[in-house]
Amino acid sequence: MENFFRKIGNFIIQTIHTLGGIAVLTEQTVSELFTKPFYPDLLSEQIVIVGLNSILLVAITGITAGAVMTLQFGYGLEKFGGKLYVPKVVALSIIREMGPVFTSLMVAGRMGSGIAAEIGSMKVTQQIDAIRALGTSPIKRIVIPRLLALIICLPLLTLFADLIGLVAGMLVGMELGLGGHFFFSKCFDTLVFNDYWTGTAKTIFFAFFIAMIACYRGLRTEGGTRGVGDSTTWVVVTSSIAVMVGDFFLTKLFIRLSI
């Protein structure tokens, strides 16, 4: 029992320490965000890495989410004579929740681990110290370009996943006897502007969570190549949890704002 409570205490202390470190890194990032020098070439490079290289993964995520949800709701609601409501349910689910969350989880797994591994490798090989020795801020050259790239690309990737998901849902709906024109007309009749902006706004926060968690862990990586691997695993798990927990509170906040 003593060991159990000791483990819980250590976990709480480590969590508080991690949250404090991320808060300090966030404060430093915000303070240097609007000061010169700027590095647009590094930002454009990260946009290509985050955006273009993630399109295929996001497309597969959107296709499978839209197709599976239409299939499940189609056969489920058909038992109660509610198959005509499938487009409305699928559209609301994808735009408000599934699209933003699934896309963010995929990007967290792909880009969060990549950022942590890249920065962690730079840390253990003392490249971070070399950047400081040259009088350049690692935050401006490493953290800020990745943060801005995720904030720019993740909402766009989510909108792309939403569109692909609705198209996939329409194709499956046609197999269930729902016409393509009927499916899309019901989707857009159901959706309002509030649905679009709440789903997209979530991804800005998710992008911030992923970037800051990955950069924080990468900058604190120790222990050589094994430490890089541990950091990568930690970032994937932690950023995924942050997305899921953040989705609940953001959904609750947006519901209160829309009332």
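Our subject is the structure listed above.
Residues numbered from 1 in each chain as written. Predicted model: local features only at pLDDT ≥ 70, side-chain atom pairs only at ≥ 80, totals over all residues. Heavy atoms only, no water.

Some thoughts on the environment of Val 86
Working step 1: As for its position among the elements, Val 86 is in helix H4 (residues 86-124).
Working step 2: Overall, Val 86 belongs to the buried group, its relative accessible area being 0%.
Working step 3: Non-local contacts of Val 86, meaning those with residues more than four positions away in its chain, are made with Thr 70, Phe 73, Gly 74, Leu 77 and Leu 178. (Helix = DSSP H or I, 4+ residues; strand = E, 2+ residues; numbered from the N terminus. Buried < 20%, exposed > 50% of the residue type's maximum accessible area, 1.4 Å probe, protein only. Contact = heavy atoms within 4.5 Å.)

Structural notes on the packing of aromatic side chains
Working step 1: The tally for this structure, following the rule as stated, stands at 5 aromatic pairs.
Working step 2: Note on Trp 197 and Phe 254: the rings are 5.1 Å apart at their centroids and 70° apart in plane angle, and the pair reads as edge-to-face. Residue Trp 197 is found in helix H8 (residues 193-219), and its partner Phe 254 is found in helix H9 (residues 224-258); the two are separated by 57 residues along the sequence.
Working step 3: Residue Trp 197 is classed as partly exposed on the basis of its relative accessible area of 32%.
Working step 4: Ring geometry for Phe 248 versus Phe 249: centroids 5.1 Å apart, planes at 80°, classification edge-to-face. (Phe/Tyr/Trp six-rings, centres within 6.5 Å; stacked < 30°, edge-to-face > 60°.)

Points about helix H3 (residues 55-78)
Working step 1: In this model H3 runs 34 Å from its N-terminal to its C-terminal C-alpha over 24 residues, within 8% of the 34 Å that 1.5 Å per residue would give.
Working step 2: Listed in full, the buried residues belonging to H3 are Val 58, Ala 59, Thr 61, Gly 62, Ala 65, Gly 66, Ala 67, Met 69, Thr 70 and Gly 74.
Working step 3: Against H4, helix H6 (138-175) and helix H7 (180-190) lie the buried residues of H3. (Expected span 1.5 Å × (residues − 1).)

Comments concerning the state of the cysteines
Working step 1: Inspection of the entire model under this criterion finds 0 disulfides.
Working step 2: You can see Cys 153 has no disulfide; the closest cysteine sulfur is in Cys 215, sitting 14 Å from it. (Disulfide = S-S within 2.5 Å.)

A word on the packing of H4 against H8
Working note: a packed helix pair is described by the angle between its axes plus the distance between those axes.
Working step 1: Where H4 meets H8, the axes come as close as 8 Å, and the angle between the chain directions of the two elements is 15°. In terms of their interaxial angle, H4 and H8 are classed as roughly parallel. The chirality of how H4 crosses H8 is right-handed.
Working step 2: Across the contact of H4 with H8, the residue classes tally to 13 nonpolar, 8 polar and 5 charged. (Axes fitted to C-alpha atoms, helices over the stretch in contact; angles between N-to-C directions. Parallel < 35°, antiparallel > 145°, perpendicular 65-115°, else oblique. Left-handed = near helix turned anticlockwise from the far one by under 90°. Nonpolar A, V, L, I, M, F, W, Y, C, P; charged D, E, K, R; others polar.)

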